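Understanding the architecture of this molecule
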Amino acid sequence: MALTLPELGFDYDALGDRMSKETFEFHRDKHHQAYINKANELTDSKLSNDNYIPEMLKAKESNQGLFNQLGQHYNHSLFWDSLSPQGGGDNIPGELGEKIKSTFGSFDAFKEKFIAAGGGQFGSGWVWLAMADNGDLEIMATLNADNPLTHGKTPLIVCDVWEHAYYIDYRNARPKFLEAFVDSMANWENAARLYDRGPVKAAA
Ligand code: MN3
C-alpha cells in the first residue's frame with residue numbers, strides 16, 4: 001500500500017494552450033509526485049489514497065512536516081479533478097449553478113471574487129470554492145498545504161496558484177491564468193457532484 005498519483009481523466013495535451021503538456025509533466029510527474037514520495041517515506045508507505053485524509057487532519061495538529069506532504073497530495077488531487085477539457089464558463093449543472101447565483105449575485109460576480117481571491121493570495125497557495133455544513137458557499141484562499149477540510153469546510157473546486165501551476169503557460173500573469181481556469185478549464189460537473197453529495201464531516 002502507498003499513496004499514488006491519481007489518474008487523470010484526459011491526456012496531458014488535452015487542454016492545449018490553456019495548460020500545456022509541459023506543465024502537466026512538471027506539475028504532476030515532478031511536483032505532485034515528489035510530495036507523494038516524501039509522504040510515503042514519512043509513513044513507511046502505510047497510507048493509501050483511500051484512507052489518508054484522517055491522517056492528514058491529525059497531522060495538521062501534531063506533525064507539520066507530514067501535514068505539508070499529505071496536504072499537498074490532497075490539494076493537487078482535487079486540483080486535477082477540478083480541470084476538464086470541456087470545462088469552464090457559466091453552464092454549471094445541478095443545484096450548484098443556482099446556489100452560486102444566489103450566493104454571489106451572478107456568475108460574473110462569483111468569477112470576479114474568485115479571481116481576486118486567487119490573485120491576492122500572497123506567495124504560494126490555493127483558491128477554493130467550498131461549502132459549510134449548512135450548505136453555504138464561500139470562496140477561500142489558503143496558504144502552502146492548507147485546505148478547507150482543516151477548517152471544517154467541504155472543498156468543491158480548487159485552483160493551484162503556486163507559480164509552477166502557470167509559469168510555463170502564462171509567465172507571471174496569475175490573474176490571466178485564473179481567468180482561463182474559470183472560463184475554460186473549471187470542471188463544474190465534478191464540483192456539482194461534490195455539492196450534491198453534501199458536506200463532508202472532516203473530522204470523521
Ligand atoms: Mn502545485
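Up top is the structure these notes are about.
A few points on the structure. Small disclaimer: the values here were computed from a predicted structure and weren't measured.

1. Topic: the sheet that holds strand β3 (residues 154-160)
Strands sit in the order β2-β1-β3 across an open sheet of 3 strands; the sheet is antiparallel. Only two strands of the sheet have a single neighbouring strand rather than two, namely β2 (137-143) and β3. Sheet twist, expressed as the average angle between the axes of neighbouring strands with direction ignored, equals 25 degrees. Bridging between strand β1 (residues 125-131) and β3 involves 6 bridges; their strand directions are antiparallel. Within the sheet, the bridge partner assigned to W128 lies in β3 and is V158. On the sheet, helix α3 (residues 64-81) packs against β1 and β3 and is oriented at approximately 85 degrees with respect to β3. Across the sheet, helix α5 (residues 107-119) touches β1, β2 and β3, and the angle it forms with β1 is around 145 degrees.

2. Looking at the coordination of the manganese ion
Bound to the manganese ion on the protein side are H27 (NE2), H76 (NE2), D160 (OD) and H164 (NE2), at distances that span 2.0 to 2.1 Å. Donor residues binding the manganese ion come from one chain and are separated in sequence as H-x48-H-x83-D-x3-H. Residue H27 is found in helix α1 (residues 21-42), and its partner H76 is found in helix α3; the two are separated by 49 residues along the sequence. Under the relative-accessibility criterion, H76 is labelled buried at 0%.

3. Points about the environment of N147
Mapped onto the elements, N147 comes out in the loop between β2 and β3. We classify N147 as buried; its relative accessible area is 0%. Contact partners of N147, with chain neighbours within four places excluded, come to M56, G71, Y74, N75, W128 and T142. A distance of 3.1 Å separates a polar atom in the side chain of N147 from a polar atom in the side chain of N75.

4. Notes on the side chain of H27
A residue is classified by how much of its surface remains accessible, and H27, at 0% relative accessible area, is buried. Side chain to side chain, H27 and D160 meet in a polar contact 2.8 Å long. Looking at H27, its side chain comes within polar contact range of the side chain of H164, at 3.0 Å. When sequence neighbours within four positions are dropped, the list of residues in contact with H27 reads H32, H76, F79, W80, D160, H164 and A165.

Analysis parameters
Residues numbered from 1 in each chain as written. Predicted model: local features only at pLDDT ≥ 70, side-chain atom pairs only at ≥ 80, totals over all residues. Heavy atoms only, no water. Pairing = 2+ DSSP bridges. Helix = DSSP H or I, 4+ residues; strand = E, 2+ residues; numbered from the N terminus. Axes fitted to C-alpha atoms, helices over the stretch in contact; angles between N-to-C directions. Contact = heavy atoms within 4.5 Å. Donors = N, O, S within 2.8 Å, 3.2 Å for Na, K, Ca; no water. Buried < 20%, exposed > 50% of the residue type's maximum accessible area, 1.4 Å probe, protein only. Polar contact = N/O pair within 3.5 Å; in protein donor to acceptor, adjacent residues only side chain to side chain.

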